[in-house]
Structures are given as structure tokens and as C-alpha cells.
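Architecture and fold: a report
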Amino acid sequence: MRRPGRDTAEGVRRFTRRGLFLGGLQLGFMGLLGARMHFLQVDQADQFRLLAEENRINIRLLPPERGEIFDRNGRPIAVNEPSYRITMIREEAGDADAVLNRLAHLIGMNAEQVEAARRDLQEARPDVQVTVADRVAWDAIARVSVNTPALPGVVPEVGLSRRYPMRGDFAHVVGYVGPVSDYDLSRIKAPAPLLLIPRFQIGKVGVEAKYEDALRGEAGTKRVEVNANNRVMRELDRREGTPGTNLQLTVDHALQSYVQARLGEQSASAVVIDCQTGDLLAVASTPSYDPNLFVRGISVADYKALTEDKYRPLASKSVQGLYPPGSTFKMVTALAALEEGLITSQDTVYCPGFLKVSGRKFHCWKTWGHGNVTLEAALRESCDVYFYDLALKVGIEKISAMGHRLGLGEDFNVPMSAVAEGRVPTKDWKRQRFGKDWVLGDTVNASIGQGYVLTSPLQLAVMSARIATGRSITPRLIKSIDGVEHPVASDAPTMGLNENHLRQIRQGMFAVSNNRHGTAYSSRILTEGMRMAGKTGTSQVRNISAAERREGVTQNADLPWERRDHALFVNFAPHDAPRIAVSVVVEHGGGGSAVAAPIARDITLQALHGGTPPLSAYPASDRSRIKALQERLEREQRETGANGQDRA
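In this text the structure is predicted, and so the values were computed from the model without any measurement.

All right, on to the state of the cysteines then. On inspection of all chains with the given rule, the structure shows zero disulfides. With no disulfide of its own, C351 lies closest to C383 among cysteine sulfurs, the gap being 3.6 Å.

Right under this line is the structure:
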């Protein structure tokens, strides 16, 4: 049996050990707690301060002001205008669908708009500010502002939007902007953060697309303080972005508007180029379209109407369109032969109305033939047989080389969409393309701009300018960038062609328009010092059978539109001191002398006069018709706000 004193001493020792153990645990716990508090409050203070700051402060992108585009005289053709819009940030909205529905009821959004906004919100990052309604009226902005407590995450703003005051006149040159699409993003390796903002606008076609990086500018940022409900309380600071670059084009807005009006609603195109600098003064395609329709996404109905139009209003025919040049190509064949020393200006060829090659008849447009013709007469009256004979002497390789020398088959660096290269074929080209050998009939067809030869209106204008000057004129569309002049080709090198040979070609072209036997005599210019030298062209788009020739070739007017010949005309003026060169192509227009030449003559006079020319410049038999035409065009330009007026 234990003694009480011993038991008491043993109990005290056990209590002391237990107390020490518990005290040690408590001290250890307190130490750990203190260390953790020190870690959180001292070591990690900056990080948690930053996290707290991020909950209170948001950083948002500020879209930069897009660069504007002007014509050669400083007339705006692509501008920015203030636009009221409503944006929404999904992570700040809470129940985004409910907020969006309340907003739609408040400002009158239709079901399609609501669905588009919902889709944009879902596809964007939660913290991205998404435009859910654009170009809204001021009263809608006021209603949203009054109801802000019920619309978390919704912010009414004033932004900038693209507008094209000249509407269709520059649509094929300047192009348009539109919302960034998945396709756009797929073509960019590392998209800038701006491009990830839903409905952010970028250039889609034309100059807007080709100079997108320069026109877009760089984004700025702003820091805003928000409350517990994520409502913006105040703006803390702002760093403005860098505005986009302004561009000035070489195109003259008044001349461009006139050319568009003169071409009318035909499926046609025209190019006017400065013979000294290569400046493109007008680059027109008709029919056109209103690029403002695309700025915020064109409707299905509007887009369908454009794509189903057989006249292809979306196509920039002046640079994209490729056509057999017809008789406008005959200067190429003639120059190739002259440079090779195979003919002189006095040599003649007899034209009975056809030439038989390898057992096949190649016909002249004049059934009964032209008789004996010289080079000048062959150009003046567009004798096909003369050039058939010439081509057999010179060969396709020399013809092709001369075509390239004059600018055909060349890919000019013009900042427009889908600029076509064209084609001036060779023997190797046919072998590689079709696996077949070149035959003499191919050369005969090529000599008059048929067969495999394809050119664009831009190339035909360049060809005319090079023949007019003897220099390698290169087309230029950008005049200046942010006020800094773009390189000018006023010192373009000579082509190295014999000046006497060029003079003979020019004389033949002058006779086309000024000799009463010329194919474009009815479209001549009477004003001394402004007379033009030109060449008509009519290119077939169908084969004419032997039976049809025996019975009589069907007139263009009796054929369906798409089977009619293309009408072409090229010229330069004044013939003795060239200032401008012009090309006109009217798709399925019929004869070049009857359809394209009068248009080119009118455009030439308008460009040389810098406005409406006097009636004395036209043949007397034409003046009443020309007066009526001028009055109609001037009336249309006034009604649509041309001559520099805002067309929006």
C-alpha cells in the first residue's frame, strides 16, 4: 500500500510534465501562428495589396482613333464620327442573360440583336468590355443612365465609328471596315488584344485592308475604380493610344465621281492615269455599292442582293477583271515587229477579209477586207489580217516580251484587293498549263488580243501611258502617309524602245480618233491642244461557227447579255504632250467604237478641263446629246451630294 505523500509527489510530477507538454504545444502553435501572420502581413504584403487593388481597380483598353483617308485634294473619303454605344462586361453583370434582357426591353433591341449580343458576350473573356448595341439614339443612352442600378456591368459610351461620305464612288478603291471575324483572327499569328474585343472593326478589303496596321493605331488604357457591385466610381488615370496613320490617295474625288456617274449602271470599269507621275486619278467600277452597309455587319438580304447581281457590284473590275484586250493589243504586236526590224511604216499587207493558216481561215472583222494597208491604216481601221500576218513573222515569244515591257501581264503593287496579274502567254506557258504544244493558230489569235491573252483595265491604262511617254510608268495610288509624300515615279526610266517606232504607233492611234476613216472618229475631240490618240477594241466571248458566218453573224443586240462582246478603248491626251492615259472596258457592251470610245472621250475631256468641258469640244452632231448627258450627270451628282458634299 502506497503512502499518501509519495502519491502526491508522483501526481505533481505527472501534472508538471503534462503542463509542460501542453504549454509547449501552445507556444508552438502561437509561434506558427505568429510566423504565418508575419508571412502574410509582412512578406506577402505587396502581393495581397495588389490583389486587393485589383478587386477595386480595373484596367481597360481604349481603342485608338483610326487613321482617315483623303483624296489628292484633301477631300475626306473615309472618316470617323462619334457614335453612341452601349457596352457590357459579363463578369460585372452577374446574371448576364437577365441584365441583357432588361437592357433589350429598355432600348428596344430585337431578338436577332439580343442573340448576337449574347453570343459575343459568351465568346469574349469575362472581363472584356463588349459592345452590345451600337449607334443608339441619345434617348436610349439617357434611359440606360437612369436605370444603371438595375443594369450592372452595362456602360453607355461615346465611341468612334467609320463612315464613307462618298458612299459608292470609292467603294472599290478604299474598301470598308467590318467587325473582326474568326477568319480574320485565323490569318494573324499573334492577334493584338484590340482584335479580341468583339465587334472591333478592321479593314476587310481595299486600302482599308492593305494599310490596316498603319490605319489602326495602338490602343491606350484607363484605370477605373469600382465598388463592391463592380460599378465604376471614378477614373483614376488614362493613357491615350496612338492614333492611326492618315492616308492621302492620288485619286481625284471630283473626277472619280464623274467617271462613276458616266459609266452608269453598266457592268464596266475605267482607269485614268497621270502620264508623268503614274498617279491613278480615277479607278472606277460599276455598278458599285455602299460600303457603309458593311461597317457593322451587312444584313443577309443586302449581301444576297449584291452577290446575286449578274453585274457583280462587289468586284473591283478595274484591277480584278481580266479580259481579252481585243484590238487594243495590236500596238503590242506592231511594236514587237518594228523593234525586230521586220516591217517599216511603208510596208503593206493585202487584206481580202481573211488569212488562211494551217488550213484554217482567220477572219477580219470587215468581211470584204481592207485591201492593201500600211501600219497606220491597219491601226486606224483595225485591220485584223495585217496583224495576223505580222504575228507569223515576229512570233509569240517576241510579242509576249513586248507585252510585258508595256506593262501587260504584270502584278503592280497597288494597295487594292485581288489585283490581277493578267496573262501574255508563251509556248512554255501553254505546255506547262495544258500539256500541249503551241500552234500557229495560237499566235494568230494572240496578235489581236484574243485566245489566251488576258489583261486588266489597269494594265491597259499603263500600256497607253508607256506608249505615250516611252517611259516605264508605274501606277501609284498612295500620295502621302501622314503628310509625308510617297515616292513619285516622275523620273521613270525609258523603256529603251526606238523613239521613231513609238512615234509611228502614236500616229496610228491619232488617226483612229482624228481621221475620218478611223474607228473612233465619231468620238474625236475638237479642241486644239487636247486631241487624243486612241485605239478601239472589241473582244469576243464566244466562238462564231462557219455556218453562222455563212448565214450572217448574229448582232450583239440579238444575243443574251452574257454572250455579247466586250467593248474596250484606250487612249492618251493631248496626243502631242500627253498628260493622261485612259482605259475603258464595258463588259458585254458590244463594239468598242460605239460604246467604250464615247465614254473614254468624255472622261478624257473631264480630266483635262478639270470639270465640265464646253460643248465646242465635241463634234456638232453630238452636242445636243452631250448637253443632255451633261445636264443629267450634273443633276444626279447634285442629288446624291457629289462634288464634295457629304453623302451619308
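What follows concerns the pairing of strand β21 (residues 580–586). Among the seven residues that make up β21, seven are buried, leaving the element largely enclosed by the rest of the structure. The two faces of β21 match: I580, V582, V584 and V586 on one face and A581, S583 and V585 on the other face are all buried. Inspection of the sheet shows strand β11 (residues 268–274) paired to β21 by seven bridges, in the antiparallel sense. Within β21, the position partnered with D274 by the bridge is I580. In this structure, strand β20 (residues 566–573) lies alongside β21, joined through seven bridges in antiparallel fashion.

The next point concerns the pattern of salt bridges. If you walk through the whole model with that rule in mind, you get 30 salt bridges. Put simply, K330 and D384 hold a salt bridge, and the shortest N to O gap is 2.7 Å. Of this pair, K330 sits in helix α14 (residues 330–339) while D384 sits in helix α16 (residues 384–394); the two residues are 54 residues apart in sequence, bridging distant segments of the chain. Both residues of the pair, K330 and D384, count as buried. Taking the shortest distance from any N to any O, the salt bridge between R531 and E528 comes out at 2.9 Å. Its relative accessible area of 25% is what places R531 among the partly exposed residues. Where salt bridges share partners, they join R66, R162, E208, E212, D213 and R216 into one cluster.

Turning our attention to the side chain of R162. Tracing the backbone through its elements, the reader meets R162 in strand β5 (residues 154–163). For R162, a relative accessible area of 1% puts it in the buried group. In terms of polar contacts, R162 uses its side chain to reach the side chain of E208, at 2.9 Å.

Quick look at the packing of helix α4 (residues 96–107) against helix α5 (residues 111–123) now. Running from amino to carboxyl end, α4 crosses α5 at an angle of 150°, the nearest separation of the two axes being 11 Å. One finds that α4 runs roughly antiparallel with respect to α5. In terms of crossing hand, the pair formed by α4 and α5 is right-handed. Residue-level contacts link D97, L100, N101 and A104 of α4 to V114, A117, R118 and L121 of α5.

Axis separation between α14 and α16 bottoms out at 10 Å; the angle between their running directions is 45°. Relative to α16, α14 is oriented oblique. Judged by the sense of rotation from one axis to the other, the crossing of α14 with α16 is left-handed. Two secondary-structure elements touch here, α14 through K330, T333, A334, A336 and A337 and α16 through D384, F387, L390, A391 and V394. Taken together, the residues of the contact of α14 with α16 break down into seven nonpolar, one polar and two charged.

This part is about helix α21 (residues 499–514). What sets the pattern is the α-helix's 3.6 residues per turn: residues three or four places apart point alike. For α21, built from 16 residues, the straight-helix expectation of 22 Å at 1.5 Å per residue is met to within 8% by its first-to-last C-alpha distance of 22 Å. Within α21, 12 of the 16 residues are buried, which leaves it mostly tucked inside the rest of the structure. Those residues of α21 that are buried are in contact with α14, α15 (375–381), α20 (457–469), β19 (533–539) and β20. The opening residue of α21 is N498, an N-cap whose side-chain oxygen sits 2.7 Å from the backbone nitrogen of N500.

Thresholds applied
- Residues numbered from 1 in each chain as written.
- Predicted model: local features only at pLDDT ≥ 70, side-chain atom pairs only at ≥ 80, totals over all residues.
- Heavy atoms only, no water.
- Disulfide = S-S within 2.5 Å.
- Buried < 20%, exposed > 50% of the residue type's maximum accessible area, 1.4 Å probe, protein only.
- Helix = DSSP H or I, 4+ residues; strand = E, 2+ residues; numbered from the N terminus.
- Pairing = 2+ DSSP bridges.
- Salt bridge = Lys/Arg side-chain N within 4 Å of Asp/Glu carboxyl O.
- Polar contact = N/O pair within 3.5 Å; in protein donor to acceptor, adjacent residues only side chain to side chain.
- Axes fitted to C-alpha atoms, helices over the stretch in contact; angles between N-to-C directions.
- Parallel < 35°, antiparallel > 145°, perpendicular 65-115°, else oblique.
- Left-handed = near helix turned anticlockwise from the far one by under 90°.
- Contact = heavy atoms within 4.5 Å.
- Nonpolar A, V, L, I, M, F, W, Y, C, P; charged D, E, K, R; others polar.
- Expected span 1.5 Å × (residues − 1).

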